[in-house]
Each structure stands twice: as structure tokens, then as C-alpha cells.
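Here is what each chain is made of, one letter per residue.
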Amino acid sequence: MSGTYDVIVIGGGITGAGVARDLARRGLSVLILEKDDWGGGTSGGSSWMIHGGPRYLEFDWRTTQRSCEDAGKIVTAARHLVHRVVFLLPILPGAKHGLEQMETAMEVYDRYQPLKHSNAHARLSAAQARELEPALAPEVVGAVTMEEWGVDPHRLTWVNVLDAIEHGARALNHSRVEGLLVDGGTVHGVRYRAADGSRAEARARAVVNAAGPWSAQIAAMGRAEVKLRPAKGIHIIYDRRISNFAIESEAIDGRSLLCVPHGAFTLLGTTDDDFQGDPDEAEVSEEEVDYLLQGFARVLPDIRAFRPVRSTVAVRPTLHRWRPYEDDLSRAYRVIDHGENTSGGPVGLISIVGGKLSMYRQMAEETSDAVCRQLGIQSACTTVEPLPGNESEAPTPAAIADRLGISLLSGARALSRHGTRVEAALTGAGTSRVLCRCEALTEAELIYCARNEMVTGLDDAFRRCGLASGPCAGGGCLSRAAQVLGMELGWSQGQRIEAVEDFLRRAWPKRQPVLGPAGWAQEELDYARRQNLVRS
């Protein structure tokens with residue numbers, strides 16, 4: 001399907017979604033293209049936090065400040081999606097930074113906390129720290145606290161896309177850009193393959209390259225250059241809270257590691273290693289998993305007693321710098337107007353590279369400013385306005401549960417995804433049947449996502465509403481979910497079976513690295529049980 005727009009945005013991660021939202025709100029006609037699903041790449045592989053980055057204070061305090069400033073605006077715009085995350089930073093004997101040094105660092109960080117509406121730190125004795133977190137190692141001599149914000153990056157990305165759509169943008173997921181239309185040194189549009197396999201062209205006055213770690217590949221299509229130093233990061237996912245608070249630890253090489261509970265699950269990560277391969281081919285190794293567990297065993301000795309359910313991997317589009325250690329690379333960003341580049345890049349192509357989730361709104365604003373300058377448009381940014389679902393005060397979980405006759409947990413989970421639009425999400429299908437007890441997910445919400453949130457498969461539903469993300473890992477809900485989704489999307493019975501099997505195949509590489517010997521045996525039994533459920 002062809003079309004002509006003011007701007008085409010390539011990349012449906014949080015940055016591209018933010019750019020599309022900003023430009024659409026300024027009145028420009030926008031097409032945004034994502035090769036997979038919204039937030040399914042680097043954004044979804046993050047630590048699920050909007051944070052200031054205190055570790056950058058040593059070598060890049062400006063990034064910490066800008067990150068905190070934008071975090072405050074994001075938290076205000078997306079208050080229905082965020083939750084407070086309180087960290088304990090335990091201190092062990094002989095630590096690189098002792099208790100006094102850590103408290104001094106937190107006193108500096110406290111100056112930035114008001115920017116993101118967070119609270120100041122507290123200093124804890126060893127006894128106080130263990131009272132709050134009994135699982136801490138007995139060697140801990142004290143701790144300090146800090147506060148950040150947690151967020152589901154998949155939902156945050158989607159509501160930015162949704163706001164862009166509601167302001168006139170056209171959004172296509174599962175639509176891969178295969179080339180740029182270049183004529184006489186000017187980029188005029190893109191060639192892409194749509195979700196149904198058909199090929200199309202779209203033309204625009206400007207093209208924004210917001211493809212994250214794929215930015216260099218997209219720029220090369222227009223005979224332009226983007227230099228990155230990509231870094232691979234992995235996380236281990238547990239299907240429960242394994243600590244009362246988020247906890248920081250230190251890896252064997254001195255890097256900072258984080259254990260972050262979000263609701264009913266826990267993220268443990270992350271590695272930060274140079275990566276020169278195809279971002280689509282990044283994998284998690286058993287050695288990387290052991291690196292994380294080894295680092296956390298020093299402060300949480302029982303960490304290996306918990307069974308992870310899967311892992312994630314993502315590649316960060318870090319700005320290129322020669323020599324610095326990976327962990328010391330800045331999270332700064334750069335907006336590149338290739339038409340102004342001294343290397344003679346094409347007119348009409350703008351790239352946004354680097355940065356972090358906590359600064360996506362500001363990155364989008366500066367990119368949109370560059371687009372408007374190029375097109376001769378004077379229009380101000382309005383992305384500090386509330387995101388969809390945050391239009392007014394949301395009802396309480398109890399009120400939703402009472403009105404709709406669902407469990408309190410189902411109401412609370414749905415509220416954390418849909419905010420003020422929760423009743424529409426839970427009532428339109430005329431059913432309150434629970435689809436997945438692990439996630440308290442109702443069939444009505446899955447149907448709503450299929451009808452209104454561009455869910456075209458089980459993987460999309462995993463990101464949009466948490467399907468198969470709980471302890472059952474899909475074993476208790478995938479078969480029924482395929483039936484419900486298949487009825488909405490017109491799948492045959494064979495397609496429904498194939499959808500489940502395909503989901504399980506895709507999930508396997510995420511589970512394999514975290515399985516110990518006992519886990520392998522249990523996985524084989526569970527896999528056989530699932531196959532019987534799917535075929536029955």
C-alpha cells in the first residue's frame with residue numbers, strides 16, 4: 001500500500017514511538033514502521049526502569065541531570081504505568097566504595113531526585129538492612145537506599161504509538177524497511193515489506209531513522225554513515241519476587257548489577273559487553289547467566305535456590321567511542337541531520353542514536369525539532385501532556401472489581417496497563433472469564449488488545465497484556481489464548497495449533513540458558529504435557 005506523508009519514522013521502539021507521537025501532535029502526517037512489534041527490541045530488553053543513572057555522575061553528570069529532568073516529565077505523563085522502586089545498596093567489607101563514600105554519592109544524587117519526583121536516600125546500619133531484607137549476606141556492614149521508577153517498556157511504547165495514531169499517524173508493526181528511496185542525493189521515502197508479505201513504497205518529505213542498534217544498517221541504505229559501539233545486555237527473569245526491595249551488587253570485574261522486583265516477577269541483570277554482530281542474532285550464553293548469579297551470590301547467598309523462567313537479550317545503540325571500558329560508555333545521544341553532515345550525506349534523512357529509555361521524550365523532542373527545521377515548520381512540542389490512559393484520575397482496583405465482577409488482582413493488573421480506559425478494555429467482549437490465573441488476565445482484555453491494540457499473534461499479546469509471562473510460562477493459558485485470539489483473527493484450528501507451537505519454539509532460546517540439570521528434566525516433562533494440551 002503506497003502513500004505520501006510529511007515524515008516516515010523507521011523503528012517502533014520507545015524512541016521511534018516518541019518521535020511519531022511528537023510529530024503527530026504537531027500536526028504533521030506521519031507513518032511509523034516497525035519490523036517486529038512495538039517495544040519488542042532494545043526497549044523491551046531493558047531493566048524496566050525510568051531512572052537517573054547515578055553511576056554516570058563520575059564521568060557524565062550532564063546525562064544524569066538530563067535523564068532525571070526527562071524522567072520527571074515521563075512519570076507525570078504516564079503515571080498509570082509507573083511504580084516506585086526502592087533500592088537497597090548493601091556494602092560489603094572491602095567494597096570499592098565504602099559506606100561513607102556511597103552516602104556521599106547519594107547525597108549528590110539527592111540533588112537530582114526532585115526532578116523526577118523521587119525521595120532522598122537513607123543510610124541503614126547492617127541490622128536495619130537485614131531487618132528490611134533478611135536474605136542479605138551476614139557480611140553486609142550497612143546500606144544506603146535510593147528511589148527510582150519502574151515501568152513496563154512494552155506498554156509505554158504502545159501508548160506513545162497509540163497517542164500518535166489518535167493524532168492522525170499511521171502505524172504498521174511487522175513491517176520491515178528493505179530500502180530507502182534516494183534520488184539525486186535526497187531521501188524521498190522507503191520500500192518496505194508489510195505484515196502480509198506484500199511489498200510497498202511510501203514517500204515523505206523527511207525520513208527519521210530511529211532503529212536503535214539497527215540504525216547503521218538503515219543509514220547505509222541511504223549511503224549515509226552512523227557509527228555506534230553496540231553493547232549487549234542480558235537479564236534473568238524470575239517468576240516471583242525474590243527480594244523485598246531492589247538490590248545492587250557488584251560483578252567479579254567491578255561492574256554494577258541490579259536485582260529489580262516488578263510486581264510479581266524479578267529482573268536480574270545486566271551485562272554490558274561490546275557486540276559487533278547482527279542485533280537480531282544476539283543470544284544469551286550460560287556463561288553470562290553464571291556471571292550474573294556469581295555477582296549476586298555475594299549479597300544474596302541463596303540466589304541459586306530460585307529458578308529463573310527465562311532470559312532476555314538486547315543490544316544498546318551506544319554512541320561510538322574508542323578505548324573506554326564498556327561500562328564507562330556514556331548514555332548520551334545525538335541527532336544527526338545527514339544533509340548537514342560534512343561527509344555529504346543525503347538530504348531528508350535524520351538519525352537519532354544513543355540515549356536511554358529515561359530520556360526518550362527529550363530525544364524525541366530534539367529529533368522532531370530537527371525535522372521541523374528541515375521542513376520549515378514552526379510548531380512546539382506538547383509531549384508533556386498525559387499519555388492515553390492518564391486523562392484523569394483512574395478508578396481504584398476495588399471499584400473496578402466491584403463494578404465488573406472480577407477479582408481484585410485482575411482489576412489491579414488491568415489498571416496498570418490501561419489506566420482510565422480500563423473499563424473499555426474489560427467490558428467490550430462481554431466476558432469476565434479468567435484466561436491466565438498466573439497473570440490474572442481475562443479473556444476480555446485479550447480480545448480488546450486484538451481489536452484495539454494491534455495484537456496479531458501470541459507474541460504480541462505477551463508484550464501488550466502479559467500473556468504467558470507468569471509462572472506457567474504459557475503452559476496453563478496458551479491453548480485457550482490461541483482459541484480466543486483465533487476467533488478474533490479468523491484462524492483455522494490448524495493455525496491455532498501452529499501459533500502455540502511457534503510461540504513455544506520462540507520461547508525456548510530464552511529459557512534454555514537458565515535451566516539447570518533439574519530444570520532440563522522438568523522442562524522436558526512440561527514440554528510433553530504442553531504438546532498434548534495443544535493437540536487435544
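Here the residue numbers are simple positions, counted from 1 along each chain's written sequence. Note on the predicted model: pLDDT of at least 70 is required for a residue's local features to be given, and 80 or more for side-chain atom pairs to be given and counted; whole-chain, interface and lining totals, by contrast, use all residues. In computing side-chain properties, one takes all heavy atoms of the structure into account and sets aside hydrogens as well as water.

Turning our attention to the nonpolar core. Buried residues of nine kinds, namely Ala, Val, Leu, Ile, Met, Phe, Trp, Tyr and Cys, make up a nonpolar core once their side-chain atoms join them within 4.5 Å. Exposure classes here rest on a 1.4 Å probe applied to the protein chains alone. A residue is buried below 20% of its type maximum, exposed above 50%, and partly exposed in between. Core analysis: the largest hydrophobic core is formed by 46 residues, its most contacted members being Val9, Leu156 and Val371. Helix and strand definitions follow DSSP, with helices as H or I runs of at least four residues and strands as E runs of at least two, each counted in order from the N terminus. When residues of this core are assigned to their parent elements, the largest contribution, seven residues, is made by helix 8 (residues 360–375). Contacts between residues were defined by any pair of non-hydrogen atoms, one from each residue, lying within 4.5 Å. In contact with Leu156, not counting residues within four places along its chain, are Ile14, Ile74, Ala78, Leu81, Val151, Leu357, Tyr360 and Leu387. One finds Ala129, Val140, Ile242 and Leu292 within the second-largest nonpolar core, a separate group that totals 27 residues.

Mapping Asn173 onto the fold places it in the loop between strand 7 (170–172) and strand 8 (176–183). Within the structure, Asn173 has its side chain in polar contact with the side chain of Asp37 (distance 3.0 Å). Leaving out residues up to four positions away in the same chain, Asn173 has contacts with Glu34, Asp36, Asp37, Trp38, Ala195, Met454, Asp460 and Arg464. Side-chain atoms alone can form a polar contact between residues adjacent in sequence; in general such a contact is a pair of N or O atoms within 3.5 Å, and within protein one must be able to donate a hydrogen while the other accepts it.

Note on geometry: axes are lines fitted to C-alpha atoms, helical ones only across the stretch in contact, with angles between N-to-C directions running from 0 to 180 degrees. Running from N to C, helix 12 (residues 443–452) and helix 13 (residues 458–465) cross one another at 110°; their axes reach a closest spacing of 10 Å. Viewed along their axes, helix 12 and helix 13 adopt a mutual orientation that is roughly perpendicular. In this structure, helix 12 meets helix 13 at a crossing whose hand is right-handed. Taking contact as the criterion, the partners of Glu445, Leu446 and Cys449 in helix 12 are, on helix 13, Ala461, Arg464 and Cys465. Each residue is assigned to one class: nonpolar for Ala, Val, Leu, Ile, Met, Phe, Trp, Tyr, Cys and Pro, charged for Asp, Glu, Lys and Arg, and polar for all the others, Gly among them. Its residues assigned to classes, the contact of helix 12 with helix 13 shows four nonpolar, no polar and two charged. Angular relationships are summarised with four words: roughly parallel below 35 degrees, roughly antiparallel beyond 145, roughly perpendicular across 65 to 115, and oblique for the angles in between. Crossings are assigned a handedness: left-handed for a near helix turned anticlockwise from the far helix by less than a right angle, right-handed for a clockwise turn.

Right, let's get into helix 14 (residues 478–489). The span you would expect from a helix comes to 1.5 Å times its residue count less one. The end-to-end C-alpha distance of helix 14, which contains 12 residues, comes to 16 Å, matching closely the 16 Å that a straight helix rising 1.5 Å per residue would cover. By the burial criterion, the buried members of helix 14 are Leu478, Ala481, Ala482, Val484, Leu485 and Gly486. Buried residues belonging to helix 14 abut strand 19 (434–436), helix 12, helix 13 and helix 15 (493–511). Immediately beyond the C-terminal end of helix 14, within one or two residues, lies Gly490, with a positive phi of roughly 75°.

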